[in-house]
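Below are the chains, spelled out letter by letter.
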Amino acid sequence: TSYPKRINVVWITIETLLQQTVKPDEVILWLADSQFKEIEELPEELKALQKRGLTIRFCDDLKSHKKYFYVLQEYKSIRKTLLFWLMMICFIQKI
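Rules used in this analysis
Residues numbered from 1 in each chain as written. Predicted model: local features only at pLDDT ≥ 70, side-chain atom pairs only at ≥ 80, totals over all residues. Heavy atoms only, no water. Helix = DSSP H or I, 4+ residues; strand = E, 2+ residues; numbered from the N terminus. Polar contact = N/O pair within 3.5 Å; in protein donor to acceptor, adjacent residues only side chain to side chain. Contact = heavy atoms within 4.5 Å. Buried < 20%, exposed > 50% of the residue type's maximum accessible area, 1.4 Å probe, protein only. Pairing = 2+ DSSP bridges. Phe/Tyr/Trp six-rings, centres within 6.5 Å; stacked < 30°, edge-to-face > 60°. Salt bridge = Lys/Arg side-chain N within 4 Å of Asp/Glu carboxyl O.

1. Brief notes about the side chain of Ser-2
If you trace the backbone, Ser-2 turns up in the segment before helix H1 (10–18). Within polar-contact distance, the side chain of Ser-2 engages the side chain of Arg-6 at 3.4 Å. The residues touching Ser-2, leaving out its near neighbours within four places in the chain, are Ile-7, Val-10, Leu-29, Trp-30, Leu-31, Gln-35, Phe-36 and Lys-66.

2. Some points on the environment of Pro-43
When you line up the elements, Pro-43 lands in the loop between strand E1 (27–32) and helix H2 (44–48). Sequence separation between Pro-43 and Val-10 is 33 residues, and the spatial gap between their C-alpha atoms is 9.7 Å. Other than its neighbours up to four places away in sequence, Pro-43 contacts Ile-7 and Asn-8.

3. Quick word on the pairing of E1
Counting buried residues along E1, 6 of its 6 residues qualify, which places the element largely inside the surrounding structure. Pairing between E1 and strand E2 (residues 54–59): 6 bridges, direction parallel. Across the sheet, Leu-31 pairs through a bridge with Phe-58, a residue of E2.

4. Overview of the packing of aromatic side chains
Where two aromatic rings form a pair, the distance of their centres and the angle of their planes describe that pair. Per the counting criterion, the structure on display carries 2 aromatic pairs. Residues Trp-30 and Tyr-70 carry aromatic rings whose centres are separated by 5.0 Å and whose planes lie at 25° to one another, so their mutual orientation is stacked. Linking Trp-30 in strand E1 with Tyr-70 in helix H3 (residues 69–74), this pair joins segments that are 40 residues apart in sequence. Look at Trp-30 and you get buried, because its relative accessible area is 6%. Tyr-70 gets classed as buried once you look at its relative accessible area, which sits at 14%. Considering the side-chain rings of Phe-69 and Tyr-70, the 5.1 Å spacing of their centres and the 85° angle between planes classify their relative orientation as edge-to-face. Here Phe-69 falls in the partly exposed class, since its relative accessible area comes to 35%. Clustering of aromatic rings is evident, with ring pairs tying together Trp-30, Phe-69 and Tyr-70.

5. Quick word on the pattern of salt bridges
In the structure shown here, the tally under the stated rule is 5 salt bridges. A salt bridge links Arg-52 to Glu-15; the shortest N-O distance between them is 2.6 Å. With Arg-52 in the loop between H2 and E2 and Glu-15 in helix H1, the pair connects residues that are 37 residues apart, well separated along the chain. A salt bridge links Glu-44 to Lys-47; its shortest N-O distance comes to 2.8 Å. Of the two residues, Glu-44 and Lys-47 both sit in helix H2, 3 residues apart, roughly one turn of that helix. Three or more residues joined by partner-sharing salt bridges are found here, namely Asp-61, Lys-63 and Lys-66.

Following this line, the structure appears as structure tokens:
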């Protein structure tokens, strides 16, 4: 996810993900459609990463929840795994 203040530099983070030795299956950037109207207004560096595997999706602005909400909607098969890891993180933070 990103927001207007960070949109001109988020491509650097995505570039590092795409350059990893172990490549991700998919990289999706979720942008709130209330903050970004169309793909043409995004920085050229960001749009260019689409040719290397970046998917840019527009969504409702769920604030920080858009980090996981839309992924859970689309990839139902990972719900149990994600829930397990979220519970583990909460448990570890309490220790």
